[in-house]
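Here is how the chains run, residue by residue.
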Amino acid sequence: MPTYRGSCHCGAVTFRLVSEITEVTTCDCSLCRQKNALMTKVHESALTVLSGEDLLSGYEWNTHRARHFFCSRCGVYTFHRKRAAPDHFGVNVFCLEEFDAAAVPVRATEGAGMSVVDRNARGQWPGPREPS
């Protein structure tokens, strides 16, 4: 199984990913559009934080099931726990050393249509509103 080393920009957060990467994805939700990352989906057992776990900042919104992690020093998005598959992470492949993102197919995923359950959701959050 291929093993990759990843890090944020400043190198404070490092991690290991043990996974075959056969495709990367984009997402059209409001957050993913703005961070513009290419992600690969991996089971939680494939990702190990090696250093800087205490420097990771988490961001949650809407249902608070997904949790997006950023380096608190340099601000780079490294990975997130997935809303639709909470035992999986989406890993930002641009953080991986010696990984050629152009060598694997890119698949667009649909996040904008996922339900928005927060009564106070900003209008920029697309998706059907669930009744309160």
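Everything below is about the structure printed above this text.
Let us look at the structure shown here. It should be emphasised that the depicted structure is a prediction, and the values quoted were computed from it without experimental measurement.

Another point: the pattern of salt bridges. All told, the structure shown has 4 salt bridges when counted by the stated rule. Among the salt bridges present, the one from E23 reaches R107, with a minimum N-O distance of 3.0 Å. Here E23, found in the loop between β2 (14-18) and β3 (24-27), pairs with R107, found in strand β10 (residues 106-109); they are 84 residues apart in sequence, far enough to count as distant. A residue is classified by how much of its surface remains accessible, and R107, at 41% relative accessible area, is partly exposed.

Our next topic: the sheet that holds β2. Judged by pairing direction, the sheet is antiparallel, and its 3 strands sit side by side in the order β1-β2-β5 without closing on themselves. If you trace the sheet from one side to the other, it starts and ends with β1 (3-7) and β5 (47-51), each paired once. Averaged over all neighbouring strand pairs, the angle between strand axes comes to 25°, with direction disregarded. Where β1 and β2 come together, 5 bridges link them in antiparallel fashion. Across the sheet, residue Y4 finds its bridge partner in β2, namely L17.

Now for the pairing of strand β9 (residues 88-92). Most of β9 sits inside the fold, with 5 of its 5 residues counted as buried. Across the two faces of β9 the burial is the same, with H88, G90 and N92 and F89 and V91 all buried. In this sheet, β9 lies alongside strand β4 (residues 39-43) in antiparallel orientation, the contact comprising 5 bridges. When the bridges of β9 are listed, T40 appears paired with V91. Hairpin connection between strand β8 (residues 77-81) and β9: a loop of 6 residues separates the two successive antiparallel strands.

This part takes up the nonpolar core. In terms of nonpolar packing, the biggest core is built from 25 residues, with L17, F79, V91, L96 and F99 touching the most fellow members. Once you skip the residues sitting within four places of it in the chain, F79 turns out to touch F15, L47, V49, L56, R67, H68, F69, F89, G90 and V91. Counting 9 residues, the second largest nonpolar core, distinct from the first, contains C29, C32, A37 and Y77.

The next subject is the environment of A84. As for its position among the elements, A84 is in the loop between β8 and β9. We classify A84 as exposed; its relative accessible area is 68%. Separated by 19 residues in sequence, A84 and R65 place their C-alpha atoms 8.3 Å apart.

Rules behind the numbers
Residues numbered from 1 in each chain as written. Predicted model: local features only at pLDDT ≥ 70, side-chain atom pairs only at ≥ 80, totals over all residues. Heavy atoms only, no water. Salt bridge = Lys/Arg side-chain N within 4 Å of Asp/Glu carboxyl O. Helix = DSSP H or I, 4+ residues; strand = E, 2+ residues; numbered from the N terminus. Buried < 20%, exposed > 50% of the residue type's maximum accessible area, 1.4 Å probe, protein only. Pairing = 2+ DSSP bridges. Axes fitted to C-alpha atoms, helices over the stretch in contact; angles between N-to-C directions. Core = buried A, V, L, I, M, F, W, Y, C linked by side-chain atoms within 4.5 Å. Contact = heavy atoms within 4.5 Å.

The analysis is restricted to geometry; functional conclusions fall outside its scope.
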